[in-house]
Amino acid sequence: MTDKAFTLRARIYAALRYSDNSTAGRRWQSFHLTALAVGLLAVIVLSVEGLPEEITHALRIIIWIVSMVFLAEYLVRLWVAPEASRFDRRRSAVARLRWAMSIPGLIDLLAIAPAAMLASGYGIGGPDTTSVFCILWILKVGLHAPAFGTLVRVVSNERAPLTSILILFGIVLMLAATGAHMLERVRQPDQFGSLPGAMWWAVVTLTTTGYGDVVPVTLGGRVIGSILMICGIAVLALMTGVLATGFAQEERRREYLRVWDQVSRVPIFGSLGVVTLSEIVGKLRTRHYPPRITVVRQGDPGDSMFFITSGEVEVRLPNGGTVRLNDGAFFGEMSLLDRQPRAASVATTRPTTLLVLYASDFYEIASHIPALAEAVEVEARRRREENLARQVAESKR
Ligand code: CMP
């Protein structure tokens, strides 16, 4: 293959990644989600019986087009799969096979099953076919959910506490089911006569679902039921707590890595040692802004300052002039140093990534790292003088 074809393949591979943030990637994701939404809507509507013939025909055409889009997507993904292991171009077939056998590959393969059914002359329509299409395509929506990977990692990180909670769940369930079986089986042999029957009641009660199809009638059975309901709330609260903390920790770890990646693009941090830098990195947050978004509004109270890692912003000065700031520059420091409202409005001119440092963290860092505070202050002083000079020039005109 020529180098040009390689470059094209790499670019397509990058744009097709579900996490890609480039314009092409975002356009592809919007198109893909729209195709999925339209296809699923058509499938859902087609399952309604008694629709006019023209509408059914139009819906079949829509489903056919969406199926073809997914077929084309599958073939393209198969073609670009070697880019995932781009340093070993000779083993393209292995890379393609590996992608085809991966979970996203299998989901994409299932999603083209409707296209295969159509190609083999299978008629679209009828509740069975539409349900199959619906199940196969809804799986594809899951590929767009970036938190799925995080969820898997959180469950894996927290497997010890989660397993303990599940064991606790099992113990409480079995104790309650056995107790209820002993106390209720005489009065309600159909519902509590066997342990599986009593376990069904215990699961429904412990998960706080409470269908009400099986209800204890003896005093002892009701006491067990009450304790079980309270245990159910406690178990769910424990599970929620473990997962929520796990998510927060995972997100913090990922944010830390994202910031490490970005911080090298800001020259003011360049001279800091690794230990000092790691202290700052823990306090910075990344934010992505589309073009023409006002990040800071003149007159607002200053609660944070920003470092530009990529993109550009326009500072709209009070006298009507503008200043553009690019990669590596910072803004929003003046209000933090002066404890005054924002001196100017700042808006993005193109997609921009910023690192945000909140005021409390800024003051803490400034007290620990005087060199950094000094550099920020010098620039703020220069800006203040520049603004003053502009104002004087403006008033003389
Ligand atoms: P702050 O006052 O917090 O909010 C507006 C920001 O615009 C200000 O901090 C500075 O960071 C920035 N700013 C103000 N004047 C200038 C200037 N002349 N050149 C570059 N940036 C400026």
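Within each chain, residue numbers correspond to sequence positions counted from 1 in written order. The model is predicted, so local features are restricted to residues of pLDDT at least 70 and side-chain atom pairs to those at 80 or more, both for listing and for counting; the totals for chains, interfaces and linings are taken over all residues. Only heavy atoms go into the side-chain values, all of them from the structure, while hydrogens and water stay out.

Colleague: Looking at this structure, I do not really get the pairing of strand 3 (residues 304–310). What am I missing?
Modeller: Consecutive residues of a regular strand have side chains that alternate between opposite faces of the sheet. Exposure categories follow from relative accessible area, calculated using a 1.4 Å probe and restricted to protein chains: below 20% of the type maximum is buried, above 50% is exposed, and the middle band is partly exposed. Helical segments are the DSSP runs of H or I of at least four residues, strand segments are the runs of E of at least two, and each set is numbered from the N terminus. Most of strand 3 is tucked away, with six of its seven residues classed as buried. Two strands form a pair only when DSSP identifies at least two bridges running between them. As judged from the six bridges shared by strand 3 and strand 8 (residues 352–358), these two strands associate in the antiparallel manner. Looking at strand 8, one finds that phenylalanine 307 is bridged to leucine 355. Two elements, strand 3 and strand 6 (residues 330–331), share two bridges in a ladder whose sense is antiparallel. Following the sheet pairing, phenylalanine 306 is matched in strand 6 by phenylalanine 331.

Colleague: Please clarify how the sheet that holds strand 1 (residues 285–289) should be interpreted in this entry.
Modeller: Strand pairing in a sheet is mediated by backbone hydrogen bonds. Such pairs are either parallel or antiparallel. Pairing is antiparallel in the open sheet, where four strands are placed in the order 1-8-3-6. Edge positions in the open sheet fall to strand 1 and strand 6, since each of these has one partner strand only. Note on contacts: a residue pair is in contact if any heavy atoms of the two residues lie within 4.5 Å. Every angle, taken between N-to-C directions, lies between 0 and 180 degrees, and every axis is a line fitted to C-alpha atoms, over only the stretch in contact when it is a helix. Contacting strand 3 and strand 8, helix 15 (residues 359–368) crosses the sheet at an angle of about 70° to strand 8.

Colleague: Whenever I open this one, a nonpolar patch on the surface confuses me. Can you help?
Modeller: To count toward a patch, a residue needs a relative accessible area over 30% and no salt bridge; like charges are then connected within 9 Å, while nonpolar side chains (Val, Leu, Ile, Met, Phe, Trp, Tyr) are connected within 5 Å. Note on areas: Shrake-Rupley with a 1.4 Å probe; residue coverage comes only from the protein chains shown. Whenever a carboxyl oxygen of Asp or Glu lies within 4 Å of a side-chain nitrogen of Lys or Arg, that contact is scored as a salt bridge. A grouping of Leu33, Leu110, Ile138, Leu139 and Val141 is seen on the molecular surface, where their side chains present a nonpolar patch of about 380 Å² in accessible area. Inspection of the secondary structure puts leucine 110 in helix 5 (residues 103–111). With relative accessibility at 39%, the residue leucine 110 sits in the partly exposed group.

Colleague: How do you make sense of helix 15 when you look at a structure like this?
Modeller: Owing to its 3.6 residues per turn, the α-helix aligns residues three or four sequence positions apart on the same side. Residues of helix 15 that are buried: Ala359, Asp361, Phe362 and Ile365. Looking down the long axis of helix 15, one finds its buried residues gathered within 155° of arc, a one-sided arrangement. Exposed residues on helix 15 whose side chains face more than 90 degrees from its buried face are Ser360 and Ser367. The inward-facing, buried residues of helix 15 abut helix 13 (274–281), strand 3, helix 14 (334–338), strand 8 and helix 16 (370–396). An arc is given here, and it is the one of the directions from the helix axis to the C-beta atoms.

Colleague: Got a minute to help me understand the nonpolar core in this structure?
Modeller: One recurring pattern in soluble globular proteins: nonpolar side chains tend to sit buried together. Grouped together as the largest cluster of nonpolar side chains are 22 residues, with contacts concentrated most on Ile268, Phe269, Ile280, Leu284, Met305, Phe307 and Leu372. Elements with a contribution of two residues or more to this core: helix 12 (219–263), helix 13, strand 3, strand 8, helix 15 and helix 16. If sequence neighbours within four positions are ignored, isoleucine 280 has contacts with Phe269, Leu272, Ile365, Ile369 and Leu372. The nonpolar core is taken to be a set of buried Ala, Val, Leu, Ile, Met, Phe, Trp, Tyr and Cys residues, with the residues joined through side-chain atoms within 4.5 Å. Ranked by size, the runner-up nonpolar core spans 19 residues in total, among them Leu59, Tyr74, Trp99 and Ala100.

Colleague: Explain the site of the ligand here, please?
Modeller: Lining the immediate surroundings of the ligand are 16 residues, of which Gly332, Glu333, Ser335, Ala343 and Asn387 lie closest. A distance of 2.6 Å separates an oxygen atom of the ligand from a polar atom in the side chain of glutamate 333. Interatomic distance of 3.1 Å between a side-chain N/O atom of arginine 383 and an oxygen atom of the ligand. Protein burial of the ligand: of its 450 Å² of free accessible surface, 100% is covered by the chains. Where the shell around the ligand is concerned, the elements lending two or more residues are helix 14 and helix 16. When residues in the shell around the ligand are grouped by element, the largest group, three residues, is from helix 16. The residue classification treats Ala, Val, Leu, Ile, Met, Phe, Trp, Tyr, Cys and Pro as nonpolar and Asp, Glu, Lys and Arg as charged. All others, Gly included, are polar. The residue inventory of the shell around the ligand, partitioned by class, reads nine nonpolar, three polar and four charged. When at least one non-hydrogen atom of a residue lies within 4 Å of a molecule or strand, that residue is treated as near it. Side-chain atoms alone can form a polar contact between residues adjacent in sequence; in general such a contact is a pair of N or O atoms within 3.5 Å, and within protein one must be able to donate a hydrogen while the other accepts it.

Colleague: Explain the side chain of arginine 9 to me, please; I cannot follow it from the model alone.
Modeller: On the secondary structure map, arginine 9 appears in helix 1 (residues 3–16). Take arginine 9: its relative accessible area is 2%, and that puts it in the buried class.

Colleague: Is there a simple way to think about the environment of methionine 199 in this case?
Modeller: For methionine 199, the location among the structural elements is in helix 11 (residues 195–206). Sequence separation between methionine 199 and histidine 181 is 18 residues, and the spatial gap between their C-alpha atoms is 8.7 Å.

Colleague: When you look at the packing of aromatic side chains in this model, what are you seeing that I'm missing?
Modeller: The geometry of an aromatic ring pair is captured by the separation of the ring centres together with the interplanar angle, meaning the angle of the planes. Ring pairs shown here join Phe, Tyr and Trp side chains whose ring centres sit within 6.5 Å, with only the six-membered ring taken for Trp; geometry is labelled stacked below 30 degrees between planes, edge-to-face above 60, and tilted in between. Per the counting criterion, the structure on display carries ten aromatic pairs. Between phenylalanine 269 and phenylalanine 307, the ring centres sit 4.8 Å apart and the planes meet at 50°, which makes this aromatic pair tilted. Taken together, the residues phenylalanine 269 in the loop between helix 12 and helix 13 and phenylalanine 307 in strand 3 connect sequence positions 38 residues apart. Classification of phenylalanine 269 as buried rests on a relative accessible area of 3%. Judged by relative accessible area, phenylalanine 307 falls into the buried class, the value being 3%. An aromatic cluster of three or more residues is present, and its members are Phe269, Phe307 and Phe330. A positively charged side chain is recorded as over a ring if its NZ (Lys) or CZ (Arg) lies within 6 Å of the ring centre. The angle to the ring normal must also be within 35 degrees. Lying across the ring of tyrosine 363, arginine 339 places its NZ or CZ 4.6 Å from the centre.

Colleague: For this particular structure, what's the right way to read the confidence of the model for the chain?
Modeller: Interpretation of the predicted coordinates at a detailed level should be avoided for regions scoring low in pLDDT. Mean pLDDT over the chain stands at 90; residues scoring 70 or higher make up 95%. Ranking the elements of the chain by mean pLDDT puts helix 6 (residues 113–119) last, at 76, and strand 6 first, at 98. For every residue, the predictor assigns a confidence score, pLDDT, that lies between 0 and 100.

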